[in-house]
Amino acid sequence: MREIFDRTMRRASRHALLVYSILFFAFIYAPMMIIIVYSFNANPVNMMSWSGFTFDWYRTIFGLGTKLTEQTMYVESTEQLTNAVGHSLIVALTTTTISTVIGTLTALAMARFGFRLKTFYRVLVFMPMIIPDIVLGIALLIYFVTIGVKLGLVTIIIGHCTFLASYVFIVVSARLAGMDQTCEEASADLGASAYQTFRRVTLPLILPGVIGGALLAFIISMDDLVITYFIAGVDSTTLPVFIYGMLRRGIKPEINAIASLMIFFSLVIASLGLWFRSRSSR
Amino acid sequence: MISIRNACKRFNTPEGSVVHALQSVSLEVGNTEFITLLGPSGCGKTTLLRSVSGFEDLDEGVIDIDGQEMTHVPPNKRPVNTVFQNYALFPHLSVGKNIGYGLEVTGCPPAERNQRVGEVMELVGLEGYERRMPRQLSGGQQQRVALARAIVNRPRVLLLDEPLSALDRKLRESMQLELKNIQHELGIAFVFVTHDQQEALTMSDRIVVIDQGAVQQIGSPTEVYDWPASIFVARFVGEGNLFEGELYMDGVTLHLRTDQGVEVQLSENDKSRRSGRAVVLIRPEDFQLDPTSEPIADHAVLEAEVTQTIFVGTDFQIVATIDGGLPIKATIRDPSRTLAREVQSGSRIRLRYRLDAPRVLPPDSSD
């Protein structure tokens, strides 16, 4: 009798876990699935009611001809959208390069040298991550206006670098903490110069951290709205700022398509990161 | 030849005090000598090794290698190589690349590099492992890679920082012999750091006993074992019974009366003093069981009550108490293995020793 009870309980708890897991993932992924599904919805007026499958929204984004003609339904101009994507890519690639170099060098300095007020400097490096985006955005705006820099791509790049270097710093520091420092001594002992040691031992060993930090910086830069919103000039709208502008004039079906493409893009970047990590830990 | 003169090194602790890691250490190492720096952890032996390899800057003193001053030369410009305690193999490079690293960074042409890598791999018994990654090797094999990597540059001196401490006992003992053979084959000097006195006695041409940053004694293994210069050396190298007390002459024989009132008889020799406070060392293996009570020439006897008899492999170890409460240890060989039954806890024994076995040491000034 007791045995049957135990077995039933075990089975029930297993089922409960399964149901819980399904609910958990549904909670996280349902909104994204809905966006992707409706990006193929042919109904131009009411997004929430399904009226057939179409690629039209994707076609509009890329400026290809569609059956639909009602002007008001579409992105004002494809050119604006491609400009925004272009700006985002320029900003993301530049900031990723700059902040990866700065963040990695800072992490190396913090890990390798002892100096006065080290903890204080470490906090200084962390700070931009902790400060609320909106505060950082306003502060940067006031700063740029005060020193008389014209808002544009350059100000966005400078603004992004201020906090993305911190992210790279943290990821690379974690990797450095797990690295055997006597490897560097062994390299010097065997006759390598400081540069050779960095090039042949230190850099290969921290490379997974550097690449992970760079990918993280790239995704955050592509994605940033709040700070960019303040410091972007009129001609330097990035993709998130552009989408936000579209939303203010009402939710249009193309947004679903743009969002789906962004999800896909982020997945590609994340898989790249995971692939690289598994390759280096093998 | 390495010549270290008057090496001093101080460290500041976070608490604000100063630690003297090296206190005017002077040492000469011969061209083909196997020399061991022996001492407890934190005694300064690793600091001394690292100042030879160039990773520690001396506060005072001079280090010469082959007549060239090396005191402030950076590590990558010194004709020495190191086998690190944790091996410090490059995890991203194969065994072959690890071993060839030193040749590669110093610009050795690939053909010669391959040949020399092959030679040292054969020397340390790693043929066929060239393409393996370090993490795919056992501890003993990693140790061999570290050794091969350090000798491929043909250094004048090889420094070894407790390289065997991570290996199990059997492997360690076979590596001890192998290291000795490799040193012989290469014909270069080895400076070996260890805290294991057995290892030091087994491998070295000379042992440097270090404590609290200062050299306590330099000598061959038998010298250090048989004629320890201080109580520290006597305690650290081998086991010993130490009796502290007052020396006095009784007619023609020298005696030590311990503070507990036990009389220890010993013979005079040119190294011993005749009076004053002193410590007398008798090694456990210097004792024999004396079943008779007939006096034998040049021997003396200590009577004791047995506390414990332990079989430790080849020998029996007897722990006993001399009248007056002094503990004493004796190592007795008994091939018939009946000793444990005959000498049980509580029984009284007579421990006989040759009069020239005890060593007279200066009393410990720090006590």
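Nothing here was measured: the structure is a model prediction, and the numbers come from that model.

A. Layout of the overall build of chain A. The secondary structure content of chain A amounts to 11 helices and 0 strands. When the helices and strands of chain A are read in sequence order from the N terminus, they spell out α-α-α-α-α-α-α-α-α-α-α. Taking 2.2 N^0.38 as the reference for a compact globule, 282 residues should give roughly 19 Å; the C-alpha atoms of chain A span a radius of gyration of 25 Å, well beyond that estimate. When its C-alpha atoms are laid out on the principal axes, chain A stretches across 80 × 70 × 35 Å. Here chain A holds 282 residues, and the buried ones make up 29% of them. When contacts within chain A are restricted to residue pairs at least 6 apart in sequence, those whose partners lie at least 24 apart make up 74%.

B. Summary view of the overall build of chain B. Within chain B, the secondary structure is distributed over 9 helices and 20 strands. A principal-axis box enclosing the C-alpha atoms of chain B has dimensions of 75 × 50 × 40 Å. Intrachain contacts of chain B at a sequence separation of at least 6 include 64% that bridge at least 24 residues.

C. Inspection of the sheet that holds strand S8 (residues 189-194) of chain B at higher detail. Residue and element names in this part refer to chain B. Strand order in the open sheet formed by 6 strands is S6-S7-S8-S3-S9-S10, with mixed pairing between adjacent strands. The sheet is open, and its two edges are formed by strand S6 (80-83) and strand S10 (214-219), each paired on a single side. Strand-to-strand twist across the sheet, computed as the mean angle between neighbouring axes with direction ignored, equals 20°. Taken together, the 4 bridges between strand S3 (residues 34-38) and strand S9 (residues 206-211) define a ladder with parallel strand orientation. Paired with Thr36 across the bridge in S9 is Ile207.

D. Spotlight on the nonpolar core. Residues Val168(A), Ala148(B), Val157(B), Leu158(B), Val191(B), Val208(B) and Val209(B) are the most contacted members of the largest nonpolar core, which totals 142 residues. When residues in this core are grouped by element, the largest group, 11 residues, is from helix H6 (residues 153-177) of chain A. Mapped onto the domain boundaries, this core takes at least three residues apiece from domain 1 (2-234) and domain 2 (239-361) of chain B.

E. Molecular detail of the interface of chain A and chain B. Between chain A and chain B, the contact holds 15 residues from the first and 17 residues from the second. Within the residue set of the side of chain A that touches chain B, elements represented by two or more residues are helix H7 (182-189) and helix H8 (194-223) of chain A. Looking at which element gives the most residues to the side of chain A that touches chain B, the answer is H7(A), with 6 residues. Its residues assigned to classes, the side of chain A that touches chain B comprises 8 nonpolar, 4 polar and 3 charged.

F. Region of the structure containing the sheet that holds strand S20 (residues 359-361) of chain B. Residue and element names in this part refer to chain B. As summarised here, the arrangement of the 5 strands in space is S13-S12-S11-S14-S20, forming an open sheet in which the pairing is antiparallel. Strands at the two margins of the open sheet, each flanked by one partner only, are strand S13 (263-266) and S20. Across this sheet, the average inter-strand angle for adjacent strands is 45°, counted without regard to direction.

G. Local environment of the domain arrangement of chain B. Residues and elements named next belong to chain B. We note that the domain assignment places domain 1 (2-234) and domain 2 (239-361) within chain B. Placing a centre on the C-alpha atoms of domain 1 and another on those of domain 2 gives a separation of 39 Å. Counting from both sides, the interface comprises 5 residues of domain 1 and, opposite them, 6 residues of domain 2. Counted by class, the side of domain 1 that touches domain 2 contains 4 nonpolar, 1 polar and no charged residues.

H. Geometry of the confidence of the model for chain A. Confidence in the prediction of chain A, expressed as mean pLDDT, is 87, and 94% of residues score 70 or more. Averaged pLDDT values over the elements of chain A bottom out at 80 in helix H2 (residues 56-61) of chain A and peak at 94 in H7(A).

I. Examining helix H1 (residues 45-53) of chain B more closely. Within H1(B), 9 of the 9 residues are buried, which leaves the element mostly enclosed by the surrounding structure. Of the residues one or two after H1(B), Gly54(B) is the one with positive phi, at around 105°.

J. Region of the structure containing the pairing of strand S11 (residues 241-250) of chain B. Residue and element names in this part refer to chain B. Pairing of S11 with strand S14 (residues 276-282), which is carried by 7 bridges, proceeds in the antiparallel orientation. Across the sheet, the residue bridging to Leu242 is Leu281, located in S14. By the bridge criterion, 6 bridges tie S11 to strand S12 (residues 253-258) in an arrangement that is antiparallel. Its bridge partner being in S12, Met249 is matched across the sheet by Leu254.

K. Local environment of unusual backbone geometry. Residues and elements named next belong to chain B. Unlike most non-glycine residues, Glu162 shows phi in positive territory, near 45°. By the element assignment, Glu162 lies in the loop between strand S7 (157-161) and helix H5 (169-186). Given 21 C-beta atoms within a 10 Å radius, Glu162 is considered buried. Phi angles above zero are rare outside glycine, and Gln212 is one such case at about 50°.

L. Quick look at the environment of Leu267(A). As for its position among the elements, Leu267(A) is in helix H11 (residues 253-281). Once the C-alpha coordinates of Leu267(A) and Ala232(A) are considered, the two residues, 35 residues apart in sequence, prove to be 26 Å apart.

M. Fine view of the packing of H7(A) against H8(A). Residues and elements named next belong to chain A. Between H7 and H8, the shortest axis-to-axis distance is 10 Å and the interhelical angle comes to 160°. With respect to H8, the axis of H7 lies roughly antiparallel. For H7 against H8, the interelement crossing comes out right-handed. Counted together, Cys183, Glu184, Ser187 and Ala188 of H7 and Thr197, Arg200, Val201, Thr202 and Leu205 of H8 form the full contact between these two elements. The residue inventory of the contact of H7 with H8, partitioned by class, reads 4 nonpolar, 3 polar and 2 charged.

The rules behind these values
- Residues numbered from 1 in each chain as written.
- Chains lettered and ligands numbered in written order.
- Predicted model: local features only at pLDDT ≥ 70, side-chain atom pairs only at ≥ 80, totals over all residues.
- Helix = DSSP H or I, 4+ residues; strand = E, 2+ residues; numbered from the N terminus.
- Rg over C-alpha atoms; globule rule 2.2 N^0.38 Å.
- Buried ≥ 20, exposed ≤ 12 C-beta atoms within 10 Å, placed from the backbone.
- Contact = placed C-beta atoms within 7 Å.
- Pairing = 2+ DSSP bridges.
- Axes fitted to C-alpha atoms, helices over the stretch in contact; angles between N-to-C directions.
- Core = buried A, V, L, I, M, F, W, Y, C linked by C-beta atoms within 7 Å.
- Domains from an automatic or database assignment.
- Nonpolar A, V, L, I, M, F, W, Y, C, P; charged D, E, K, R; others polar.
- pLDDT = per-residue confidence, 0-100.
- Parallel < 35°, antiparallel > 145°, perpendicular 65-115°, else oblique.
- Left-handed = near helix turned anticlockwise from the far one by under 90°.

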